[in-house]
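Structure assessment
Chain by chain, the residues:
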Amino acid sequence: MTQPTPHDTHGGPAQPKPRRLMRLAKWGLALTVLFVALLMFAGFVYEQIALARIATDYPPPGKLVDVEGRQIHMHVQGHGSPTVIFEAGLGEFSLSWHHVAAEVAKSTQVITYDRAGLGWSDPAPAPRDSDAVVQDLHAALQARGITGPLVLVGHSIGGVHVRMFSYRYPEEVKGIVLVDSSHEEQWETFPPAVREQFEQVQEMLALFSQTARFGLVRLLDSDEENDDSNIPKSIRSTQTALSARHSQLTAVAEEMAALLTSMRQTADAAIPWGDLPLEVLSAGKPMETTGEADPMEISQIWEKLQRDLASRSTQSKHQTLEDAGHFIQNDRPDVVIDAILRVVEQAKNDPPPNAK
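Residues numbered from 1 in each chain as written. Predicted model: local features only at pLDDT ≥ 70, side-chain atom pairs only at ≥ 80, totals over all residues. Heavy atoms only, no water.

Take the packing of aromatic side chains next. If you walk through the whole model with that rule in mind, you get six aromatic pairs. With a centroid separation of 5.9 Å and an interplanar angle of 35°, the aromatic rings of Tyr167 and Trp273 are classed as tilted. Residue Tyr167 is located in helix α4 (residues 157-168), and its partner Trp273 is located in the loop between α11 (259-269) and β7 (278-283); the two are separated by 106 residues in the primary sequence. The buried category is assigned to Trp273, whose relative accessible area is 10%. With centroids separated by 6.2 Å and ring planes inclined at 25°, the aromatic side chains of Phe190 and Trp302 adopt a geometry described as stacked. Here Trp302 lies in helix α12 (residues 295-310) and Phe190 lies in the loop between α5 (186-189) and α6 (192-211), a separation of 112 residues in the sequence. We note that Phe190, like Trp302, is buried. (Phe/Tyr/Trp six-rings, centres within 6.5 Å; stacked < 30°, edge-to-face > 60°. Helix = DSSP H or I, 4+ residues; strand = E, 2+ residues; numbered from the N terminus. Buried < 20%, exposed > 50% of the residue type's maximum accessible area, 1.4 Å probe, protein only.)

Below, the structure is given as structure tokens:
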């Protein structure tokens, strides 16, 4: 005998009980949370395996120097004086100078190194502003027994750091090469759209540094296969492997957060350079921008700021390279090498202070 179909009070088919719906919803939520947790755990294990492989497959080319209980990676090549110190740009490390350093090392001693948290160097407490960077570098040089004379080479934000170093230790610095260097006044000079892009990148970095713990950045970072630059594959592979780590992305985010502070510090610490040998190399290709920022307007402002940097010494040379972008050391390493060697020769001919 067929049982009658249950009806609600309005005569229609009965609806599932609210209690049953709640139970199904709880089970669905629990399964979703469990699935996400399993994905995160799998990603975390994947990242730990990758980090172990990196430690074996990509050993540091230089030596690790103890600075206040932390290890700073320094790669010393060549012999002679003055010693050329290379300072990389934001998010970059010692391999950024692979095109240039080995060639300059044929003429004198050179040092490429990694700031705290970048490359093969241990992380350090925030803030990672220019003062902190300069203190680390000077301490690492002292630990290696290197006291000068020095020629400093800085790219992008590295140009701010080497200027700060020259203000803090002027007696050790005998020449400077700025490679498309950042300028202390650029954020006050650029249009608001550029500042907005900067803030968006900061937010993205904060997200990337957290997701990197679970291997997501490493999984998504596949630009090595599509890279059409002249960077050797072995160098690119090392950069890709190290740059996807949580520690590296956190260090980049911390440096970016301290960027404006670094620029203010350097502006406040500035002292006259006099006739210090100085070469300023500037990118001639328009900057890549998004949104409402006008690349030509930005390039014109940038060129003006670069000329200002060149005016800070009475013994300076400024070149704008129309066939080079921001990474001049990759696009035109020959020009960077020549500029460094000119400053090295000038530094060699510079008489000691008590002879002037």
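That shown, we press on.
The next point concerns the sheet that holds β7. One key point about sheets: their strands pair by backbone hydrogen bonds, in either a parallel or an antiparallel sense. A sheet is described by the order of its strands in space; here eight strands give the open sequence β1-β2-β4-β3-β5-β6-β7-β8, paired in mixed fashion. The open sheet has two edge strands, β1 (63-67) and β8 (316-321), and neither has a second partner. This sheet shows a mean twist of 20° between the axes of neighbouring strands, independent of strand direction. Strand direction decides the pairing type here: strand β3 (residues 83-87) and strand β4 (residues 110-113), joined by three bridges, are parallel. Bridging from a neighbouring strand, Phe86 pairs with Thr112 of β4. (Pairing = 2+ DSSP bridges. Axes fitted to C-alpha atoms, helices over the stretch in contact; angles between N-to-C directions.)

Met74, Leu141, Leu152, Phe165 and Ile176 are the most contacted members of the largest nonpolar core, which totals 30 residues. Examining the composition of this core, we find that five residues originate from one element, helix α3 (residues 130-143), more than from any other. What Phe165 contacts, discounting residues up to four positions off in sequence, is Val134, Leu137, His138, Leu141, Leu150, Leu152, Glu172 and Val173. In terms of nonpolar packing, the next biggest core, distinct from the first, is built from 29 residues, Leu249, Met263, Ile301 and Leu305 among them. (Core = buried A, V, L, I, M, F, W, Y, C linked by side-chain atoms within 4.5 Å. Contact = heavy atoms within 4.5 Å.)

The interhelical angle for the contact between α6 and helix α10 (residues 246-257), taken along N-to-C directions, is 155°, at an axis separation of 8 Å. Regarding the angle of α6 to α10, the classification is roughly antiparallel. You can see that α6 and α10 cross each other, and the crossing is left-handed. On the side of α6, the interface is formed by Phe198, Val201, Gln202, Leu205, Phe208, Ser209 and Gln210, while α10 contributes His246, Leu249, Thr250, Val252, Ala253, Met256 and Ala257. (Parallel < 35°, antiparallel > 145°, perpendicular 65-115°, else oblique. Left-handed = near helix turned anticlockwise from the far one by under 90°.)

Between side chains of opposite charge, a pair can form when the charged atoms approach closely. Counted according to the given criterion, the structure contains 14 salt bridges. Taking the shortest distance from any N to any O, the salt bridge between Lys348 and Glu345 comes out at 3.5 Å. In this pair, Lys348 and Glu345 both sit in helix α14 (residues 333-349), three residues apart, roughly one turn of the helix. Judged by its relative accessible area of 40%, Lys348 falls in the partly exposed class. Since its relative accessible area comes to 41%, Glu345 is described here as partly exposed. (Salt bridge = Lys/Arg side-chain N within 4 Å of Asp/Glu carboxyl O.)

A word on empty space enclosed by the protein. Tallied over the full model, the rule gives one cavity of 30 Å³ or more. As for the largest cavity, its lining consists of Leu90, Arg128, Ile157, His161, Glu255, Leu259 and Ser262. Among the secondary structure elements, those contributing two or more residues to the lining of the largest cavity are α4 and α11. Partitioning the lining of the largest cavity into residue classes produces three nonpolar, two polar and two charged. (1 Å grid on protein atoms, 1.4 Å probe; cavity = no way out; pocket = protein on both sides within 12 Å on 5 of 7 lines; lining within 4 Å. Points joined across faces, edges and corners; volume = space filled by probe spheres on them. Nonpolar A, V, L, I, M, F, W, Y, C, P; charged D, E, K, R; others polar.)

Turning our eyes to something else, we now look at unusual backbone geometry. Cis peptide bonds are those with omega within 30 degrees of zero, and the linkage from Ser81 to Pro82 qualifies with 5°. Unlike most non-glycine residues, Glu68 shows phi in positive territory, near 55°. Within the fold, Glu68 resides in the loop between β1 and β2 (70-77). We classify Glu68 as exposed; its relative accessible area is 74%. For Ser156, which is not glycine, the phi dihedral falls at a positive 55°. Here Ser156 shows up in the loop between β5 (150-155) and α4.

Turning our eyes to something else, we now look at the environment of Leu305. Its place among the elements puts Leu305 in helix α12. Residue classification places Leu305 among the buried positions, given a relative accessible area of 6%. Along the sequence, Leu305 and Ser181 sit 124 residues apart, while their C-alpha atoms lie 9.3 Å from each other. Other than its neighbours up to four places away in sequence, Leu305 contacts His183, Gln186 and Thr189.

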